[in-house]
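Topology and contacts: notes
Residues per chain, in single letters:
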Amino acid sequence: PDGSTHVVKTDTMVFPVKTLINEKWVCVGAQARAVDPAASYSKYYAIFPFKGANYFFGEQLLYLRQDLPIILVEGALDAIHLGSDGFRSVALMGTALQDTKIKKLLTANPKYVIILLDPDAAGTTAAKVIKNALLKHGLQCLYRIPQKDPKYLQRQDLLNLLNERPENGID
């Protein structure tokens with residue numbers, strides 16, 4: 001955001017992620033995609049002073065569409081995809097849910113929160129940790145394990161996944 005250079009070690013496309021905070025567009029981090037899909041690389045970058053640990057991407061949706069549950073996803077592209085399909089979704093910008101973000105969820109007063117992270121090992125492990133943290137703060141929640149990354153799911157696939165019965169992937 002200040003024009004400074006951030007060096008990455010792989011052939012990676014990095015784009016800043018902005019969200020609306022207090023009626024201003026603020027850079028809350030950056031998301032990356034490797035040019036070589038087989039490459040190991042960092043997916044998210046913190047850009048100071050607006051570190052992703054303190055903000056959700058799509059934070060403005062916490063207080064809109066209050067008749068819908070809040071869906072937590074990992075990245076900005078996931079949240080954009082779900083939002084364009086009419087869901088109330090915010091991105092963690094990774095797999096961690098810090099106390100500052102839990103407090104924001106509490107002020108949004110959702111009926112419940114749906115945890116919908118990527119189906120890889122990191123996402124599955126993080127979903128369980130996040131669920132316990134939300135329950136500890138009195139937030140009703142459940143998590144779903146999608147067959148593929150949420151940004152690649154079609155609207156009907158999302159609806160089917162979100163309406164699954166407890167024996168099919170909800171804790």
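Everything discussed here concerns the structure shown above.
From a predicted model like this one, the values you see are computed outputs, not experimental measurements. (Residues numbered from 1 in each chain as written. Predicted model: local features only at pLDDT ≥ 70, side-chain atom pairs only at ≥ 80, totals over all residues. Heavy atoms only, no water.)

1. Brief notes about the pairing of strand S4 (residues 70-73)
Side-chain alternation along S4 places Ile70 and Leu72 on one buried face and Ile71 and Val73 on a second face that is also buried. Bridging between S4 and strand S5 (residues 88-91) involves four bridges; their strand directions are parallel. Bridge pairing in S5 links isoleucine 70 to arginine 88. Handedness of the S4-helix H1 (residues 76-84)-S5 crossover: right-handed. Bridge count for S4 against strand S6 (residues 113-115) is three bridges, and the pairing is parallel. Counterpart to isoleucine 71 in the pairing with S6 is isoleucine 114. (Buried < 20%, exposed > 50% of the residue type's maximum accessible area, 1.4 Å probe, protein only. Helix = DSSP H or I, 4+ residues; strand = E, 2+ residues; numbered from the N terminus. Pairing = 2+ DSSP bridges. Right-handed = clockwise from strand over helix to strand, strands pointing away.)

2. With respect to the sheet that holds S6
Read across the sheet, four strands follow the order S5-S4-S6-S7 without closing on themselves; strand pairing throughout is parallel. Bordering the open sheet on either side are S5 and strand S7 (141-143), each of which pairs with just one other strand. Direction aside, the axes of adjacent strands within the sheet are offset by 25 degrees on average. As paired strands, S6 and S7 are joined by three bridges and run parallel to one another. Among the inter-strand pairings, isoleucine 115 is bridged to a residue of S7, identified as tyrosine 143. Contacts from H1 reach S4 and S5 within the one sheet, and its direction differs from that of S5 by about 170 degrees. (Axes fitted to C-alpha atoms, helices over the stretch in contact; angles between N-to-C directions. Contact = heavy atoms within 4.5 Å.)

3. Notes on H1
If you check which residues of H1 are buried, you get Ala76, Asp78, Ala79, His81, Leu82 and Gly83. Positive phi appears at glycine 86, one or two residues downstream of H1, with a value of about 95 degrees.

4. A few points about the pattern of salt bridges
All told, the structure shown has three salt bridges when counted by the stated rule. When the shortest N-O distance is used, the salt bridge between aspartate 78 and lysine 151 registers 3.6 Å. A residue pair is termed long-range when its members are at least 10 positions apart, and aspartate 78 in helix H1 and lysine 151 in the loop between S7 and helix H4 (155-162) qualify at 73 residues. The pair formed by aspartate 78 and lysine 151 is uniform in burial state, with each residue classed as buried. (Salt bridge = Lys/Arg side-chain N within 4 Å of Asp/Glu carboxyl O.)

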